Amino acid sequence: MTARIGRVERVTSESSIIVGINLDGTGTTDISMGVPFYDHMLTALGKHGAFDLTVQAHGDVEVDGHHTVEDTAICLGQAFREALGDKAGIRRFGEACIPLDESLARVVVDVSGRPYCVHRGEPAIMRHTLISSHGGASYDTVMNRHVFESFAMNAGICLHIRVLDGRDPHHITEAEFKALARALREATERDPRITGIPSTKGAL
């Protein structure tokens with residue numbers, strides 16, 4: 001069985017990013033970007049998606065974390081798409097509804113080859129909350145939608161994210177990432193009943 005592995009490197013004047021992913025892993029992660037909360041979110045993505053994920057990024061975090069966060073989401077999507085290959089034998093669709101204390105997020109994905117992102121339900125506080133940490137740049141939760149859009153566009157997936165409840169910006173964001181992980185895990189799993197491309201078109 002061919003390993004489903006993707007690796008992408010992106011270098012700009014604002015950041016240098018290397019992302020590697022194995023869709024058939026065990027959730028082993030090695031992530032360092034200089035934005036500790038985002039490290040935490042991508043660690044959760046790998047762990048709960050059962051993806052082996054490595055991310056090494058160096059960006060202009062002295063300005064803020066924006067460029068590093070954005071460029072990493074782009075690379076993650078590209079690596080994910082590369083790892084999927086021709087998508088033969090996958091389930092294609094995935095869904096998860098994940099709680100984190102008072103927060104609840106629902107994610108539905110279609111590994112369709114047609115990028116689209118719908119992101120709704122975050123409370124207004126998410127537009128101006130900074131999650132800070134020692135030893136790195138803060139994470140601005142207004143970036144959540146941009147991260148999910150950048151990932152979906154570059155991965156070639158249809159992604160719907162809905163925050164159903166929540167008060168704490170950390171909990172809301174983490175519930176979203178964990179729900180994304182579980183939905184992607186389901187969608188990319190091989191289905192023994194499907195031997196070809198799961199589409200009436202014959203291609204995804």
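This text follows the structure it describes.
My aim in this report is to walk through the structure given alongside it, one point at a time. (Residues numbered from 1 in each chain as written. Predicted model: local features only at pLDDT ≥ 70, side-chain atom pairs only at ≥ 80, totals over all residues. Heavy atoms only, no water.)

## Some remarks on the packing of helix H1 (residues 36-49) against helix H4 (residues 169-188)
Their axes nearest at 8 Å, the elements H1 and H4 cross at an angle of 30°. Judged by the inter-axis angle, H1 sits roughly parallel to H4. Taken as a pair, H1 and H4 cross one another with a handedness that is right-handed. Contacts between H1 and H4 involve Phe-37, Tyr-38, His-40, Met-41, Leu-42, Ala-44, Leu-45, His-48 and Gly-49 from the first element and His-170, Thr-173, Glu-174, Phe-177, Lys-178, Leu-180, Ala-181, Arg-182, Leu-184 and Arg-185 from the second. Among the residues making up the contact of H1 with H4, the classes are represented as ten nonpolar, five polar and four charged. (Axes fitted to C-alpha atoms, helices over the stretch in contact; angles between N-to-C directions. Helix = DSSP H or I, 4+ residues; strand = E, 2+ residues; numbered from the N terminus. Parallel < 35°, antiparallel > 145°, perpendicular 65-115°, else oblique. Left-handed = near helix turned anticlockwise from the far one by under 90°. Contact = heavy atoms within 4.5 Å. Nonpolar A, V, L, I, M, F, W, Y, C, P; charged D, E, K, R; others polar.)

## A short note on the sheet that holds strand E2 (residues 15-22)
Taken in spatial order, the four strands line up as E1-E2-E4-E3 in an open sheet, and their pairing is mixed. Looking at strand neighbours, the two that pair on one side only are strand E1 (5-11) and strand E3 (29-32), the edges of this open sheet. Strand after strand, the sheet turns through a mean of 5° between neighbouring axes, direction not considered. Relative to strand E4 (residues 52-59), E3 is paired through four bridges, and the arrangement is parallel. From the neighbouring strand, Thr-29 faces E4, where its bridge partner is Leu-53. Each of E3 and E4 touches H1; the most contacted strand, E3, lies at about 165° to it. Most of the contacts of helix H2 (residues 66-84) go to E1, to which it runs at about 145°, and overall it touches E1, E2 and E4. (Pairing = 2+ DSSP bridges.)

## Points about the sheet that holds strand E7 (residues 116-120)
As summarised here, the arrangement of the four strands in space is E5-E6-E10-E7, forming an open sheet in which the pairing is mixed. Two strands in the sheet have a free side with no partner beyond their single neighbour: strand E5 (93-100) and E7. Within this sheet the neighbouring strands show an average axis-to-axis angle of 10°, counted without direction. Of the strand pairs in this sheet, strand E6 (residues 103-110) and strand E10 (residues 158-165) are connected by seven bridges, and their pairing is antiparallel. For Val-109, the partnering residue across the bridge sits in E10 and is Leu-159. Helix H3 (residues 143-155) rests against E7 and E10 of the sheet, and its axis sits at about 160° to E7.

## Description of the state of the cysteines
A full pass over the atoms with the stated rule returns zero disulfides. Of all cysteine sulfurs in the structure, the one in Cys-117 sits closest to Cys-75, which takes part in no disulfide; the separation is 18 Å. As a non-bridged cysteine, Cys-97 has Cys-117 as the owner of its nearest cysteine sulfur, 17 Å distant. (Disulfide = S-S within 2.5 Å.)

## Brief notes about the nonpolar core
Of all hydrophobic cores here, the largest spans 54 residues; its most connected members are Tyr-38, Leu-42, Phe-80, Ile-157, Leu-159 and Leu-184. Contacts of Leu-159, omitting those with residues within four sequence positions, involve Val-107, Val-108, Val-109, Tyr-116, Cys-117, Val-118, Phe-148, Ala-152 and Leu-180. (Core = buried A, V, L, I, M, F, W, Y, C linked by side-chain atoms within 4.5 Å. Buried < 20%, exposed > 50% of the residue type's maximum accessible area, 1.4 Å probe, protein only.)

## Some points on H1
In this model, H1 (14 residues) spans 20 Å end to end at C-alpha, consistent with the 20 Å of a helix rising 1.5 Å per residue. Within H1, burial applies to Phe-37, Tyr-38, Asp-39, Met-41, Leu-42, Ala-44, Leu-45, Gly-46 and Gly-49. Following H1 by one or two positions, Ala-50 has its phi on the positive side, about 60°. (Expected span 1.5 Å × (residues − 1).)

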